Structure formats: C-alpha cells, structure tokens
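Spelled out, the chains give:
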Amino acid sequence: MMNEKPTLKSLLESSRGAKLLFLGQEGIFSAEERERYLKQYGLTAVDTMQDGVVGVIEHHRLNPVEEDISYEAYAQKIPAYKLTEFEQLLSEEIDDDALLMAIKLGNDQERLLRLLGNEHLSDALFVRLLKLYRFNEEDEDNRQDRDVIMHTLRRYIDIKPNEEDLLYSYLTLRRLATEATDAGLLEALMGFPDFEFLVRGKSKTTFKETIARNEHITDELVRKLLSLRRKGVDRALAGNPSISREVMKHLFDKHDPETDKALAVNRALDEMLFDALLERGEEAVSLLLLHQPIDKDRFKQVLERKNDDYLLLVASNENISEEVIALLMERLNVPLSAALASNRSLMPNQLEVLYNRGEESSMAALAANPSAPLKILETLYAENSDDMTILAALAHNPSVPEKILRELFERDDLQINRGLATNASLPMDLLDILKVDTRLQNELAQNENLAKSYEEVLNQNKAMMNL
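Given the structure is predicted, the values throughout are model-derived calculations rather than measurements.

**Considering helix α27 (residues 414–422)**
Turning to α27, its buried residues number three or more, namely Ile416, Asn417, Gly419, Leu420, Ala421 and Thr422. Along its buried surface, α27 packs onto α25 (388–396), α26 (402–410), α28 (428–434) and α29 (441–444). The distance from a side-chain oxygen at the start of α27 to the backbone nitrogen of Gln415 is 3.0 Å, and the residue carrying that oxygen is Asp413.

**As for the packing of aromatic side chains**
What the rule picks out here adds up to ten aromatic pairs. Considering the side-chain rings of Phe192 and Phe207, the 6.0 Å spacing of their centres and the 40 degrees angle between planes classify their relative orientation as tilted. Residue Phe192 is located in the loop between α10 (183–189) and β5 (196–199), and its partner Phe207 is located in helix α11 (residues 207–213); the two are separated by 15 residues in the primary sequence. Of the two residues examined, Phe192 and Phe207, each falls in the buried class. Centre to centre, the rings of Phe195 and Phe207 are 6.4 Å apart; their planes meet at 65 degrees, and the pair counts as edge-to-face. Taken together, the residues Phe195 in the loop between α10 and β5 and Phe207 in helix α11 connect sequence positions twelve residues apart. The exposure class of Phe195 is buried, given its relative accessible area of 13%.

**Comments concerning the environment of Leu289**
One can find Leu289 in helix α17 (residues 282–291). When the C-alpha positions of Leu289 and Asn307 are compared, they lie 12 Å apart, and in sequence the two are 18 residues distant. Contact partners of Leu289, with chain neighbours within four places excluded, come to Phe274, Leu278, Ile294, Val302, Tyr310, Leu313, Val314 and Asn317.

**Section: the packing of helix α21 (residues 334–341) against helix α23 (residues 360–368)**
Direction vectors running N to C along α21 and α23 enclose 5 degrees, while the axes themselves pass 8 Å from each other. Between α21 and α23, the crossing angle belongs to the class labelled roughly parallel. Of α23, the residues touching α21 (which contributes Val334, Ser337, Ala338 and Ala341) are Ser361, Ser362, Ala365 and Leu366. Tallied by class, residues from the contact of α21 with α23 come to five nonpolar, three polar and no charged.

**Examining unusual backbone geometry**
Of note, Arg229 is a non-glycine position whose phi angle comes to about 55 degrees, a positive value. Along the chain, Arg229 falls in the loop between α12 (219–227) and α13 (231–238). In this structure, Asp412 takes a positive phi of about 50 degrees despite not being glycine. With respect to the element layout, Asp412 can be found in the loop between α26 and α27. Residue Asp412 is classed as exposed on the basis of its relative accessible area, which comes to 62%.

Rules used in this analysis
- Residues numbered from 1 in each chain as written.
- Predicted model: local features only at pLDDT ≥ 70, side-chain atom pairs only at ≥ 80, totals over all residues.
- Heavy atoms only, no water.
- Buried < 20%, exposed > 50% of the residue type's maximum accessible area, 1.4 Å probe, protein only.
- Helix = DSSP H or I, 4+ residues; strand = E, 2+ residues; numbered from the N terminus.
- Contact = heavy atoms within 4.5 Å.
- Polar contact = N/O pair within 3.5 Å; in protein donor to acceptor, adjacent residues only side chain to side chain.
- Phe/Tyr/Trp six-rings, centres within 6.5 Å; stacked < 30°, edge-to-face > 60°.
- Axes fitted to C-alpha atoms, helices over the stretch in contact; angles between N-to-C directions.
- Parallel < 35°, antiparallel > 145°, perpendicular 65-115°, else oblique.
- Nonpolar A, V, L, I, M, F, W, Y, C, P; charged D, E, K, R; others polar.

What follows is the structure in structure tokens.
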C-alpha cells in the first residue's frame, strides 16, 4: 500500500533540521520572508536538489531545468506541493500587528504591494494594509496604483472569468464604494484618488461623494468627509440616513439649496428639521412633502402653512398614514381628489369613493393607479372608448387584465403604445413586437419585465461562455 502524502503543515512540523526545495518564481513572499517563516520549524529553504530535502514547493510555471529537478524529486518519492498551498499556510500564521509594524517602520511599499495581492489574507488584515498604501499624486496612470485597485476589486467584487474587463473600469470601483458594508474598508477607500464618474450619461459624481452616500459610514468617517469642505460631499452626506441629527443640523445651517433638497429626502429626518425645511426653497419643500413619511403631527405642521399646493403634494405622497388619508378625504375638492386618485397607497374602498365623485380630472389618475379595483378599471375602459388620455393611462397600468391590454394593442395608436411599452404585465409576444419600434425606446427602457428578460439572456450567454 502506498504511503499517504502528508499535509504540508504536518511535514513542516515533523521535519526539523531538514530542507525544503523551492522551484520557480518567488510569488507573493520573498525568499527572506520564506526563510523567516521556515526558521520557526527548524527548516532551511534551498533551490537545488540536495541531501536532506523532504519536500518540494513548486510555482505553477517552471523552466526546463526546474522541470527536470521536479521529475528527479518525484522519482525519489519526495512529496511536492503547490506554491499557493505554502503561501496560504504562511498567510494564515501571520502576526498581523507585527507585520503592520514592520511595514510602517520600513515604509516598505514594495512588500505592501505584494501583500495586497495575497488572496489568502483575511479581509481585516487586507483593510489595515490598504490604509497604509499611498497613491501616486503625480502619475494619473501609475501601474502600482492600478494593481492596488485591481487587488481591491478582485477581493470584494465577484468577477467572472469572462468579465475581467470590469477590473479596468472605475465604475466598478464606484460600485464597490456603493455596496461596501465594512466601515473599515470605506475608511481605506478614502485614501483612493477622488475619481469622477458620469451618472446615467448626465450628472457627474465623485468617489468621495459615493462613499458619503454609503449608509455604513461611521461617525469618524463622517467627520473626515466634512473636513474636505466640498459642497458635493456635503450634499451626498445630507441624504444619508446614517448621519447623526447633529450633522444634519450642521448641514442645514449651511443654507445651501441643493443640500436642503438632499435633507428633504433623508428618511431619518427628525421633526424639528422637517418643520424647519418647510420654510426653505420651493424645490426642497416639494421633495419633503412628496417623500417624507407624513403622520398626523407632521400633517398638522403642513396645515399651519395654509398652502393648498402643500396639500396636493401630501396627497400624492405614498408614505402618508391612514390618519392623514382620512383627513384629506374629509377635505376633498377637485384638485385634491385627482392627487389622491393617483396615490397607490390608498385602499380600494377609498379609491371607489373618489371614482363615485365622478370628477373628470380624477378618471385618468384612477385608470393609471395599480391599486384601483378591477371593477373600476374595466368600467373606465368600457365607458371611455374614445378618450385617448384614459386609454393611454390604462395601457400603462400593470393591474389591467390581459384581455384589455391586447385590445388596446390592436388599436395601434402611438400614445397607447407608449403606455403599453412601460407595462410589466404586457404579454411577451406583444412586447416583442413593440421592441422593434424605435419611437418607444425610452418607454421600453422602463419596462421591468423586459429588463429581466435581457438579464436572463445575458446570464445564459455568460454560462455558455464559462462552459
């Protein structure tokens, strides 16, 4: 029976005074680092076949001479191990604090760069090492900087073999800053250059602003971001629900309209700032009343402003409480009815009340509302066969039955087709026909069902390529 090959760990522990043969390139660790590690086991590293060699550590690439030595070791039944196995073992036994102190004292950036490329290190140690790296401020396309970015992306972003090009895109770095949940990593990312990104082909944002939007930032990181004294960063922080009330107040006191707008949609806004923002610019107030949860107490603050437009905004807000809806229903007038008729948070019986009022301006809003009872949608369709506004609204509504959607499709009307193109409930056979109409590209881009089908095709193609 053949002797079972010992694990590398057990070989090291039982071979004091012996030698370990290394073939090929160094890899992650230098020869000196290997020797220091082996010294604790009483072993010596060699690069030629000698008496006393008890194991071979092989790089995945060997030159012809090294191949011959490897064959000789095999013939002598000397066990061979991959270099990556040795590196993993060494990595697991690293004293994190001692390693970090050595790098700090020696300012050894070359060693730091090699360690950042070590996939066997823990995330905690990687982050501590990443904080020590200093990016080149003069060379915008520095090779070492690029390597550090790629090491970081490989560790935290799932990159498939056929998606290697993502490692060369700064947009992937922005994705990391957006999705990261480790506050330590976010702090380390603060040391990266402040890259600029074009968002949806329109507005620009920076890397620091992206970090400022991440809800996992700590108070310490918030202080660092505020110390940058950049309006873009302040505005990004203002919308982050993780920041403290004190920071929100600090940002509010800057009297910056864009910062006010960001605060207005911050879901962690307290009552005092809610009331204070009601006195700010028109855009900030509109965002505040459309996006903030509105309960009875907040509604009272709104009523004190005696502004009918404010009531219309609240009526369109899908985060209003049942109490607020009831209070609005008591104040019904034509504009308020139309605003409530579009609100998906209303109950079917409340929408029926609005329908029974018979106000023309509410009918199109009800036709487009997915929460409207089926009976109302069917009646609106049956009684408004010539009203293109209502028909287009119905075409947009995912709650409309398939039979009606198909009949609307048969009308072959551009206005109706624009609504159908956005409708996630539209049967795929009809959607496939609309896809070839170049006039509907913007609407098709909003169709969740179409986006899902594209994603499935992409995933199938990736799977085929991986096979």
